[in-house]
Amino acid sequence: MKHYLFSLLMLPLALTANAQEDSVTYKDYQHAESFLNYHTSKLVDGGNVRPNWITGDLFWMIDQKPSEKDFFIINPTKKSKVKAFDQVKLAAALAKATGKTIDAANLPFNEVAFSGDLKTVFFFNDGKSWRYEIKSNQLAPDLEQTVKAASNSTYRRRGAENGVVSPNGKLLAYLKEDNLWLRDLTSGTEKQLTFDGIKDFGYATDNAGWVHSDAAILRWSPDSKKIATFKQDQRAVGEMYLWTTNVGHPKLEAWKYPLVGDAHIPMITRVVIKVDEPKVITLQVAPDPHRATLSDNISSSGTFDDVDWSANELAFVSTSRDHKIEKFRIADANTGAVREVFQEVVPTQYESGQGAINWRYLAQTHEIIWYSERDNWGHLYLYDSETGKLKNKITEGDYVVTQLLKVDEKKRVLYFLATGKDAKNPYFEHFLKVDFDGKNLQDLTPETGNHQIIFTPSENYFVDNYSQPDVATVSSLKNLDGKLLINLAKTDISRLIASGWKAPTPVTLKAADGKTNIYGLIFTPTQMVAGKKYPVIDYIYPGPQGGSVGSWSFIASRGDHQALAELGFIVVVIEGTSNPLRSKSYHDMSYGNMSINTLPDQIAGIKQLAEKYPMDLDRVGIWGHSGGGFATACAMFTYPDFFKVGISESGNHDNRNYEDDWGERYDGLAENVDYAAQANQLYAKNLKGKLLLAHGLMDDNVPPSNTFLVVDALEKANKDYDLIVFPNSRHGYGAFGPYMMRRRWDYFVENLMGKKHPKEFPLKGTPLDRN
């Protein structure tokens, strides 16, 4: 009896222990949340130096330390870094003026402005602008600066809506009812520049289908007298429809959205507008498809892409619908006459760089800097603009010129970013220079890491912020010979480390072919149990215009990768083949069949990692957003015995239902490609594991029909699935992003780990009904 009673007494304890083993607790979720950016970023002191220009190349910066922040003025010419002002004196003056205690080591503001003579500093505190005379230690509220700052802020917001300011700062060109208008920013007077723009056939209109706005797409001439733009014909283009969810009649959104294989896509007629007269000059060339050399939009650089002004000439590049033919042309801006200079034809798709358009027209020397991957690597070439003949190759070797940053025509030197020059990781960008004739190539940033460059206004110096995924940022000032002038700052992550944080581990693996090196990051729990095997989560974004890792610089939190690891998973992020920052043949590995989605590389990489890390290959999950959503569903349908749980967010599951330029660029024209064979819904019947689909019903990038095609196929195949919809959300879910993250945690915990999760854990930012 006593033994029986003892057993009964122990039963609740045993049940409690078992329940804890079978559950991931509320406290576990809190711990995981502490690894998200809004917690970790506060523990990073410093970071990339962002120069704040004063006059000329002079700039101020903050050097943030764990217990203090110091304001410095940097003078590149004098190679000096000096305290901007006496912080103790300023703190005392501010304390006297406000009646509050002010810590001199941590002044209560982060933004300041200096007078040109550096004798006066302005700053905001408690909604007021203050004027501080440094030498006399005099402080007073500055009403004029407060009003001016508020006015400038209002103006910037209004100007950014749809207008483009002229180079001389006096004029604003903007859209109004499909026509271009001009506002004099001094007098406020307005005048109409074009008169024949109509709906779907207007001037400078911004619509690529997947992205659209009221912004004016145009490029001012350097003398502010002319505008290069276009008249976009969308009249016969098919429409896309979305509608809101609300009480009462829904609001219908309808806009032109071309699809792969459509007979009609937007076409642009190029024009030059003389603003003084005003006069519209139509360039004497057939309309071009709405295409560009950099991406699937003609304004991805923030302005009108692929045009370059020079006095009364306008150089431009026309791109064919399938991105295989590029024509370099030069127009007379006064007459509209167009001269053909040369063309490049490629078997797959042409691109002019990575992150920047890398061609330039040099009118004074009658030369063109041209970008090509004709030798399997992205390089620069020098052409004669009069004859269209190649003069010489400028760069060469097994590396990729990603961004041409500066052209010194007088010294005939080019400055550019490139990948493939770092022995540790081919994705790390370095900053180099080379002569026009290809001689004297020099790496100006030989330090190991990913380098981010900011020129001073004169472009005679640059700030170099460099780091690695597991090494915090170091910032320095150099000249154009690569000479170190000033050590500006070093990011301090001591508080971050003390909190229990750890960096992801960079890994080098072999692709599915067993030969090609691929790279990635692995996130493991900070506290691992010896002998335990962990379920695996593979985060994927297959590109082909980018990749899963994204930035290779230091970031304290990369999404929720480490947070998921803290819940008891090993998370992998593998940069599969088809990334654009490697060779052309590497990038083209998925050309014509994007449904490859780097999945063979993902599986090969995970299997290799399992030889080193305690990974349970019977419990592998995968998730991704947009292209990653496409890849996730594809993984669950194509490799159902390897991937057991998937979360597919906002996927473009059938590229026939996505914007035309994406598929036609990376797969080819519809008449040459079997798009149906790549559509996820065709393989939905193969699902064996647990699949969660999610989509915003107001997604104007990837239309929600993409996900519902998969839903329809799953139901026809009698397959179970889970679905989350966000009735009024766009592509990224907006305010509901934290909700999606929490549901992602829950889904992997329940279905991949096989444990219970806390109910409705409130991640920061989750929309809650307060009524």
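Whatever comes next refers back to the structure up there.
Computed from a prediction, not measured in an experiment: that's the story for all the values here.

Enquirer: Before we move on, could you go through the overall build of the chain and cite the residues and values that matter?
Expert: Helix and strand counts for the chain stand at 13 helices and 46 strands. Taking the principal axes of the C-alpha coordinates as reference, the chain spans close to 105 × 75 × 65 Å. Here the chain holds 771 residues, and 54% of them are scored as buried. Long-range contacts, defined here as pairs at least 24 residues apart, represent 59% of the contacts in the chain between residues at least 6 apart. A total of about 33,400 Å² of accessible surface is found on the chain, and carbon and sulfur atoms cover 52% of it.

Enquirer: An account of the pattern of salt bridges is needed here, citing residue identities and associated values.
Expert: Counted by the stated rule, this structure contains 37 salt bridges. Residues K393 and D375 are paired through a salt bridge, measuring 2.4 Å at the closest nitrogen-oxygen approach. Note that K393 is positioned in strand β30 (residues 390-393) and D375 in the loop between β28 (367-372) and β29 (379-384), a separation of 18 residues in sequence. You can call K393 partly exposed: its relative accessible area is 26%. The residue K759 makes a salt bridge to E760 at a minimum N-O spacing of 3.6 Å. Overlapping salt bridges, with partners in common, bring together R291, R321, D660, D661 and E664 in one network.

Enquirer: Tell me about the sheet that holds strand β5 (residues 112-114), and name the residues and values.
Expert: Pairing in this open sheet of 4 strands is antiparallel, and the strands run β5-β6-β7-β8 from one edge to the other. Because the sheet does not close on itself, it has two edges, and the strands there are β5 and β8 (138-141). Going across the sheet, the axis of each strand differs from the next one's by a mean of 20°, ignoring polarity. Each of β6 (120-125), β7 (128-133) and β8 touches helix α4 (residues 87-98); the most contacted strand, β7, lies at about 130° to it.

Enquirer: How would you explain the pairing of strand β43 (residues 615-625) if you had to name every residue and give the values?
Expert: Across the 11 residues of β43, 8 count as buried, placing the element largely inside the fold. Alignment of strand β41 (residues 534-539) against β43, held across 5 bridges, turns out to be parallel. Residue V536 lies in a different strand from β43, and its bridge partner there is V620. In this sheet, strand β44 (residues 645-649) lies alongside β43 in parallel orientation, the contact comprising 5 bridges. For H625, the partnering residue across the bridge sits in β44 and is E649.

Enquirer: Tell me about the packing of helix α2 (residues 26-33) against helix α13 (residues 737-753), and please be specific about residues and values.
Expert: Two numbers describe how α2 lies on α13: the axes approach to 13 Å, and their chain directions differ by 125°. Looking at the two axes, α2 sits oblique to α13. By crossing handedness, the relation of α2 to α13 is classed as right-handed. Across the interface between the two elements, Y29, A32 and E33 of α2 pack against W745, D746 and V749 of α13. Counted by class, the contact of α2 with α13 contains 4 nonpolar, no polar and 2 charged residues.

Enquirer: An account of the packing of aromatic side chains is needed here, citing residue identities and associated values.
Expert: Taken as a whole, this structure holds 32 aromatic pairs when the rule is applied. Ring centres 4.9 Å apart and planes at 75° place the aromatic pair F431 and F462 in the edge-to-face group. A residue pair is termed long-range when its members are at least 10 positions apart, and F431 in strand β33 (residues 429-435) and F462 in strand β36 (residues 461-468) qualify at 31 residues. We classify F431 as buried; its relative accessible area is 0%. Taking 6.1 Å as the distance between ring centres and 85° as the angle between the ring planes, the aromatic pair formed by F726 and Y739 counts as edge-to-face. A residue pair is termed long-range when its members are at least 10 positions apart, and F726 in strand β46 (residues 722-726) and Y739 in helix α13 qualify at 13 residues. Residue classification places F726 among the buried residues on the basis of a relative accessible area of 3%.

Criteria and thresholds
Residues numbered from 1 in each chain as written. Predicted model: local features only at pLDDT ≥ 70, side-chain atom pairs only at ≥ 80, totals over all residues. Heavy atoms only, no water. Helix = DSSP H or I, 4+ residues; strand = E, 2+ residues; numbered from the N terminus. Buried < 20%, exposed > 50% of the residue type's maximum accessible area, 1.4 Å probe, protein only. Contact = heavy atoms within 4.5 Å. Areas by Shrake-Rupley, 256 points an atom, 1.4 Å probe, with all protein chains shown as cover. Salt bridge = Lys/Arg side-chain N within 4 Å of Asp/Glu carboxyl O. Pairing = 2+ DSSP bridges. Axes fitted to C-alpha atoms, helices over the stretch in contact; angles between N-to-C directions. Parallel < 35°, antiparallel > 145°, perpendicular 65-115°, else oblique. Left-handed = near helix turned anticlockwise from the far one by under 90°. Nonpolar A, V, L, I, M, F, W, Y, C, P; charged D, E, K, R; others polar. Phe/Tyr/Trp six-rings, centres within 6.5 Å; stacked < 30°, edge-to-face > 60°.

Such coordinate-based values are descriptive only and should not be taken to indicate function.
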